[in-house]
Amino acid sequence: MEEDNNWIFPANELKSISDEEKIERIIGIQFINYLATDLQIPNQFAIAIATTIFHRYYLMQDSKSQSEGSVWDIAASCLLLSAKITELCIPLNNVASSCRNATQKIDPKRNGTTIKQYWKDSLVYFEAEVISTVYYDLEIETPHKCLTEYFTQFDMVTEDKKLIWALANDSLYTDLCLRYLPKTIAAGLIYTVMKEQQKPLPKILPKALVDEGGSRKHQSKVDFIEFVKESDTTLSDIRNVMCEFYVFYKQNISKIQL
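It should be emphasised that the depicted structure is a prediction, and the values quoted were computed from it without experimental measurement.

Reading the values: the criteria
Residues numbered from 1 in each chain as written. Predicted model: local features only at pLDDT ≥ 70, side-chain atom pairs only at ≥ 80, totals over all residues. Heavy atoms only, no water. Helix = DSSP H or I, 4+ residues; strand = E, 2+ residues; numbered from the N terminus. Buried < 20%, exposed > 50% of the residue type's maximum accessible area, 1.4 Å probe, protein only. Contact = heavy atoms within 4.5 Å. Areas by Shrake-Rupley, 256 points an atom, 1.4 Å probe, with all protein chains shown as cover. Phe/Tyr/Trp six-rings, centres within 6.5 Å; stacked < 30°, edge-to-face > 60°. Expected span 1.5 Å × (residues − 1). Polar contact = N/O pair within 3.5 Å; in protein donor to acceptor, adjacent residues only side chain to side chain. Axes fitted to C-alpha atoms, helices over the stretch in contact; angles between N-to-C directions. Parallel < 35°, antiparallel > 145°, perpendicular 65-115°, else oblique. Left-handed = near helix turned anticlockwise from the far one by under 90°. Core = buried A, V, L, I, M, F, W, Y, C linked by side-chain atoms within 4.5 Å.

Take the overall build of the protein chain next. Each helix and strand in the protein chain was counted, giving 10 helices and 4 strands. In sequence order, the protein chain lays out its α and β elements as α-α-α-α-α-α-α-α-β-β-β-β-α-α. Out of the 258 residues in the protein chain, the part that is buried amounts to 47%. By sequence separation, contacts in the protein chain at least 24 residues apart represent 76% of the contacts at least 6 residues apart. Carbon and sulfur atoms provide 50% of the accessible area of the protein chain, an area that totals close to 13,600 Å².

Moving on, we come to the packing of aromatic side chains. Aromatic rings in a pair are described by how distant their centres are and how their planes are angled relative to each other. Summed over all chains, the structure comprises 11 aromatic pairs. Their ring planes at 35° and their centres at 6.1 Å tell us that F31 and W119 sit as a pair that is tilted. Here W119 lies in helix 5 (residues 116-133) and F31 lies in helix 1 (residues 19-38), a separation of 88 residues in the sequence. On the accessibility criterion, F31 (2% relative accessible area) is buried. A centroid spacing of 5.2 Å and a plane angle of 80° characterise the contact between F154 and F227, whose relative ring orientation is edge-to-face. Here F154 is found in the loop between helix 6 (143-153) and helix 7 (158-171), whereas its partner F227 is found in helix 9 (residues 224-230), with 73 residues between them in sequence. Among the aromatic side chains, those forming a connected cluster through ring pairs are F31, W72, Y118 and W119.

Our next topic: helix 3 (residues 71-85). Taking 1.5 Å of rise per residue, 15 residues should cover 21 Å, and helix 3 covers 21 Å from first to last C-alpha, within 8% of that figure. E87 lies just past helix 3 and shows a positive phi near 60°.

Next up on the list: the side chain of S97. Structurally, S97 can be placed in helix 4 (residues 92-106). Polar contacts involving the side chain of S97 include one to the side chain of K116, which spans 3.1 Å.

Contact geometry of helix 6 with helix 8 (residues 182-196) gives a least axis separation of 8 Å together with a crossing angle of 60°. Here helix 6 is positioned oblique relative to helix 8, judged by the angle of their axes. Two packed elements cross with a definite hand, and for helix 6 against helix 8 that hand is right-handed. Between helix 6 and helix 8, the contacting residues are P143, C146, L147 and Y150 on the first element and P182, K183, I185, A186, A187 and I190 on the second.

Turning next to the nonpolar core. In this structure, F31, I32, I41, F54, I74 and L79 are the most contacted members of the largest nonpolar core, which totals 49 residues. It is helix 2 (residues 44-61) that provides the largest number of residues to this core, a total of 11 residues. Ignoring anything within four residues of it in the chain, the contact list for I32 reads I47, A50, T51, F54, A75 and L79. In this structure, Y191, I204, I238 and F245 belong to the second largest nonpolar core, which totals 28 residues.

Here it is as structure tokens:
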């Protein structure tokens, strides 16, 4: 899938949101994660796609009339849509049941949201609204997919990969997906973990090549910075991802504990 720059914006073009709105976005992402766990969604890609749609939806709401739905309505609809994009067969009835169970625990006094039929109607209605709001653009790349490719290419130990993957999951709470390409975010997370641990940046594992005479030979390892430059990602952007993620993480870590 080719990367699409249409959804990447400079920071100064993104509307500044209030602390209350930031908390609402975090609640929405938490709800997506809760539902994904309850529904036993088997891969992180679907969750990453759902949160990307979620961020894009609220970006476009800045230029459209405000949604009638709560952050829960939108979050649940984004996950349902993502499940379809990733070809996960999850019945609407199951998603509605999970939504009802979740809202009973979170806010049992909220009118209507503990009723299963409410959620079935809400999911159908707001899924259509989300699709139209993001202009039917549902071809979405994620940092998680990039990381799975990088993990097979870079010379890295398993523990570092686990740390990077955990940061990738936390990065879904940020709006990095609106400002950087997925490959830039993925490279930035690798850079963050290695710098934090004061470890050298990884190198690309050499591949066995066969020359015209049939003899096997190996390429030398490619430096991380060289790889970044060849993939049209700048070191400056990677460092910016690291710095912005640090700021968000320190300000919001207590809010995103599930």
